Amino acid sequence: MQNIPSVDLRDFLSGDPARKQKFVNEIGKAYEEIGFVALKGHFLDDKLVDELYGEVRNFFNLPLEVKSKYEIPGIGGQRGYVSFGKEHAKGRSAGDLKEFWHFGQYVSKDSKYTDEYPDNVTVEELPKFNAVGKEAYQMLEKTGVYVLRALAIYIGLDEFYFDKFIKDGNSILRPIHYPPITDEPKDGAVRAAAHGDINLITLLMGAQGKGLQVQNHDGQWIDAIAQPDELVINVGDMLSRHTNNKLKSTIHQVVNPPRELWGTSRYSIPFFMHPVGDMPLNCLENCIDADHPKLYDDITAGDFLYERLVDLGLIKK
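Residues numbered from 1 in each chain as written. Predicted model: local features only at pLDDT ≥ 70, side-chain atom pairs only at ≥ 80, totals over all residues. Heavy atoms only, no water.

(A) Seen up close, the sheet that holds strand β12 (residues 252–254). Strand order in the open sheet formed by 4 strands is β7-β12-β9-β10, with antiparallel pairing between adjacent strands. This sheet does not close on itself; its edge strands, each paired only once, are β7 (192–195) and β10 (221–223). On average, each strand axis in the sheet is tilted by 20 degrees relative to the strand beside it, whichever way the strands run. Inspection of the sheet shows strand β9 (residues 212–215) paired to β12 by 3 bridges, in the antiparallel sense. Bridge pairing links Leu212 to Val254 in β12. (Pairing = 2+ DSSP bridges. Helix = DSSP H or I, 4+ residues; strand = E, 2+ residues; numbered from the N terminus. Axes fitted to C-alpha atoms, helices over the stretch in contact; angles between N-to-C directions.)

Structure (structure tokens):
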């Protein structure tokens, strides 16, 4: 496969059983073959997208001493600001050439998960930043609910199987700034080194230009470029593990631009859709057979996340 397929969520939502099944078949096949799709028909409108990018640029343009006061120690970077070069890919020591922000889940006061999550961090200098971030978070989460319902059908589960695990899930909205490159990067550092995502699925805004690359099963790197009205959505390691690798978590990277474009910034905004921490990621029985033996040990989503945050350098043991 040389490009990522495009699907339209409006098929799934149409009320027409044939169109709904068409979407299920298309996204399931794409996730078995390469693990990425470009998705039209999501719940983000143009106005919200423009507002979010405006607020994100405003934040990253703040002086470093202002941004740094929102870097909260002791929470593994799960909320607020994470400074340039702090995160690295699993198995690498060179920090990625990026800085980012984390919005987290908005749980109700009576949720049993209220005390499990750090509070979201309010940026005092930008009065609209947090409200716009919350609205975008919730529209991406809503989109992800329907994608997971389609995937549940595809792998032979009840359509609403994932709903109970993603309600109040530990999902993260991460606006990323890849600053201009001013010096030759050390140790082969790139904007985001080759990696698989931790979570169930990732919904990515900002894949409209070159930079994001996906590795196909022949080991070739493919440019993943979406249309302006599309999100790029990929399978994460949690979903790959849960489906015994039937749905594949694909390695991807964000490469540095050509030298003549080093002076430019890049922004992207992924939404990492996580379940609640006590979801068991045990391989599903209907994804195991004689030809597909069980590949992974049993683990909860919370324990798996902790292991990976240590691997990324965001939590120190």
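(B) How the structure looks around the environment of Val49. Residue position: Val49 is located in helix α3 (residues 46–60). Once the C-alpha coordinates of Val49 and Lys29 are considered, the two residues, 20 residues apart in sequence, prove to be 29 Å apart. Look past the residues within four positions of Val49 in its chain and what remains in contact with it is Leu44 and Met205. (Contact = heavy atoms within 4.5 Å.)

(C) Quick peek at the pattern of salt bridges. For the structure on display, the rule yields 17 salt bridges. One salt bridge in this structure joins Arg10 and Asp8, with 2.9 Å as the shortest N-O distance. In this structure Asp8 comes out as buried when scored by relative accessible area, which is 19%. The salt bridge involving Lys294 is made with Asp298; its shortest N-O contact spans 2.8 Å. You can call Lys294 partly exposed: its relative accessible area is 43%. By relative accessible area, Asp298 is classed as partly exposed at 47%. In the salt-bridge network here, residues are joined through shared partners; they are Asp11, Arg19, Lys22 and Glu26. (Salt bridge = Lys/Arg side-chain N within 4 Å of Asp/Glu carboxyl O. Buried < 20%, exposed > 50% of the residue type's maximum accessible area, 1.4 Å probe, protein only.)

(D) Layout of the environment of Phe12. With respect to the helices and strands, Phe12 occurs in helix α1 (residues 9–12). Put simply, Phe12 and Ala150 are 138 residues apart on the chain and 7.6 Å apart in space, counted from C-alpha to C-alpha. Here Phe12 is in contact with Arg19, Lys20, Phe23, Val24, Tyr146, Arg149, Ala150, Ile153 and Glu159, once residues within four sequence places are set aside.

(E) Main features of the side chain of Asn234. Among the secondary structure elements, Asn234 is positioned in strand β11 (residues 231–235). Residue classification places Asn234 among the buried positions, given a relative accessible area of 2%. Excluding residues within four positions of it along the chain, Asn234 makes contact with Tyr31, Gly35, Phe36, Asp197, Leu200, Ile201, Thr202 and His252.

(F) Representation of the packing of helix α2 (residues 17–33) against helix α5 (residues 129–154) within the structure. It is at 9 Å that the axes of α2 and α5 come closest, and there the two elements cross at 85 degrees. Judged by the angle between their axes, α2 and α5 are roughly perpendicular. For the pair α2 and α5, the contacting residues are Lys20, Gln21, Phe23, Val24, Asn25, Ile27, Gly28, Lys29, Tyr31 and Glu32 in the first and Val147, Ala150, Leu151, Ile153 and Tyr154 in the second. Residues that form the contact of α2 with α5 fall into these classes: 9 nonpolar, 3 polar and 3 charged. (Parallel < 35°, antiparallel > 145°, perpendicular 65-115°, else oblique. Nonpolar A, V, L, I, M, F, W, Y, C, P; charged D, E, K, R; others polar.)

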